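Tertiary structure, described
For reference, the chains in residue letters:
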Amino acid sequence: MINSIYKKYRFLIARRITQISVMVLYVIANVYGINILTGNLSSSLLLNTVPLSDPYAVLQMAVAGAIISVDILLGAFIISIFYMIVGGRVFCSWVCPVNMITDLANYLRRKFGFNQIQKKQPASRNIRYWVIAISFVISFFMGIAAFELISPISMIHRGIIFGLGFGWATILIIFLFDLFVLKNGWCGHICPLGGFYSLIGRFSLIRVHHNAPNCTACMKCKEVCPENQVLHMVTKTSIPVLSGECTNCGRCVEVCDDDALNFSIKNLKKGEQNEVR
Amino acid sequence: MSNINPHEDKEKKNMKTPANQPISERRKFFLTIARATGLAILGGLTWSAYVDEVKATSLILRPPGALSEDAFLANCIKCGMCVEACPFDTLKLAKPGDNKPLGTPFFEPRDIPCYMCIDIPCVPVCPTNALDIKSVQNKEKKLDINKAQMGVAVIDDSSCIAFWGIQCDACYRACPLLGEAINIEYTKNERTGKHAFLKPVVYPDVCTGCGLCEKACVTEKAAIFVLPREVALGRAGDYYIKGWDKKDEKRLENATSKTTTTQISKDSAVDSLNSSSDMEDLLK
């Protein structure tokens, strides 16, 4: 029993633990002065020495005309390299607190069957890249990092660490939007930070690999996947999930009863060698 | 724009498609592009309108060493390190509902003023230099909180009871730069003829804007309060110089002048006064 729960939810549990731990580390730094990880997801300091900064925020600031300091440049570099290795959107599924809200909305969508009354989603998943472009244009003309001023992600993680204010309304808006308006609406369509990490994630080494001969076409993976367009090869070919939009959340690996999906390191050589033998 | 071209008008008529007929691939392509562009403009304009609105909040007090408001907003990454460093919980990050640029640090002196720590813990932790350490250093590169310019105290003399003639020097006593940033001025109370006014006076050059005076003020709503320097202070400009002050005369070195050209500028001063037509021009 416990074993099967572990098998079905091991990554989900691990993700919730990391998401909550990161927030707890920030909170204890602010409240009790235990400085393991100070600051917040925009910019922080690990063990009082290693700077970490949100590369998308730093880019917006640069466009807005800020003089970028060595600290945040180094911080953005470290974060970028880290996510280039482990998967860009690992941030989304393993760190970002908004993920818990949208995952809940998505879970309820499946449980109550909202997906059945709204099969087709009336929006493109490329909106996020447009939002990135617009954010740079506005940052340039307004002289301020544009997305950082409206970012629900920042409102929520700052809210958890420094006090929420009306941030609960933001949480509710995202939740209702994802539940009733658009499936995977915020994280999968609009969020430019997710879009930014999708772009970085193209280089990622850790990938989900599909082993087509094992696949029984049950489609559980596609149902549970928040970015199911990345699983286009399922049932067809034994190739890794190469799209940067994959969040490496591992839900597909967990729900697969046939051992047809697994995490693996991307073979750096191109072509057939990426195929699972 | 495109309607001017008759060629295109003709084409438009040909392209008229009833709702039940499928549209051509080419048209579909253009429609998609037009829709995406339109939505991008719609989103972009709404977004910038919001950004412009929040940026316009000028009545906000920043931590010591903050760059000028525009530069500060561009440079602050909203990480909250200064807030965590502040031992008095003076600094807060703007949350939704505060009606201030989201996530930026600020303080409200009537609530908790800046206690002007000599080691200024909030400034060196700033990763982006939006809090500029150089602006709070003295000539020996040592931290000097007295150089901070967070704002300037302003007195509403209609509600300050010292200006009524009631003795109160709460703000003067609370000021960390007592006698320098706030001083007490003695004047005669003509109403009674035998009492004195002991009026507080703020010296904006010295005042750091810490807000200890605002916190100490005894009136129901503070009669002395801190405003951003950009809001509270005027600027005399280059035309007026304190001729008796050697230091102020130095400003002449950087003085600028602007030459305006009007109808009468084409003649010399004397000619323009003597020439009747130009005088009529002036009276028009």
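Residues numbered from 1 in each chain as written. Chains lettered and ligands numbered in written order. Predicted model: local features only at pLDDT ≥ 70, side-chain atom pairs only at ≥ 80, totals over all residues.

1. Topic: the domain arrangement of chain B
Residue and element names in this part refer to chain B. Going by this rule: Residue ranges for the domains originate in an automatic or database domain assignment. Here, residues touch in the contact sense if the C-beta positions derived from the backbone fall within 7 Å of one another. Each residue gets one of three labels, nonpolar for Ala, Val, Leu, Ile, Met, Phe, Trp, Tyr, Cys and Pro, charged for Asp, Glu, Lys and Arg, and polar for the others, Gly among them.
Partitioning chain B into domains gives domain 1 (57–148) and domain 2 (151–231). The partner domain 2 presents 15 residues to the twelve residues of domain 1 that form the contact. Grouping the amino acids of the side of domain 1 that touches domain 2 by side-chain chemistry returns eight nonpolar, two polar and two charged.

2. Here we look at the sheet that holds strand S1 (residues 37–40) of chain A
All names here are of chain A. Our working rule: Here, a strand pair is defined by DSSP locating no fewer than two bridges between the strands. Only DSSP runs of H or I with at least four residues qualify as helices, and only runs of E with at least two residues qualify as strands; both kinds are numbered from the N terminus onward. Lines fitted to C-alpha atoms define the axes here, with helix axes fitted over just the stretch in contact, and angles between the N-to-C directions of these axes take values from 0 to 180 degrees.
Overall, antiparallel pairing links the three strands, which are arranged S1-S2-S3 in an open sheet. The open sheet has two free edges, formed respectively by S1 and strand S3 (50–53), since each of these has just one partner strand. When the angles between neighbouring strand axes are averaged without regard to direction, this sheet yields 15°. Sheet topology note: the strand S2 (residues 43–46)/S3 ladder contains four bridges and is antiparallel.

3. Details of the interface of chain B and chain A
Facing the 32 residues of chain B at the interface are 44 residues of chain A. For the side of chain B that touches chain A, the secondary structure elements donating two or more residues are helix H2 (25–55), helix H3 (69–75) and helix H4 (81–85) of chain B. The element that contributes the greatest number of residues to the side of chain B that touches chain A is H2(B), accounting for ten residues. Taken together, the residues that form the side of chain B that touches chain A break down as 16 nonpolar, nine polar and seven charged.

4. Thoughts on helix H9 (residues 152–162) of chain A
How we decide: With C-beta atoms placed from the backbone, the exposure class of a residue follows from how many other C-beta atoms lie within 10 Å of its own: 20 or more, buried; 12 or fewer, exposed; in between, partly exposed.
Extensive coverage of H9(A) is indicated by the burial of ten of its eleven residues. Looking at the residues trailing H9(A), positive phi occurs at A:Gly163, about 115°.

5. What to know about the confidence of the model for chain B
The criterion, for reference: Every residue gets a pLDDT, meaning the predictor's confidence in that residue, from 0 to 100.
Confidence along chain B averages 82 in pLDDT terms, with 86% of residues attaining 70 or more. Under the prediction, the complex receives an ipTM of 0.79, its pTM being 0.76.

6. Focus on the pairing of S2(A)
Residue and element names in this part refer to chain A. Examined bridge by bridge, S1 and S2 share four bridges and lie antiparallel to one another. Note on S2: the bridge partner recorded for Gly39 is Ser44. Between S1 and S2, which pair antiparallel in sequence order, lie two residues.

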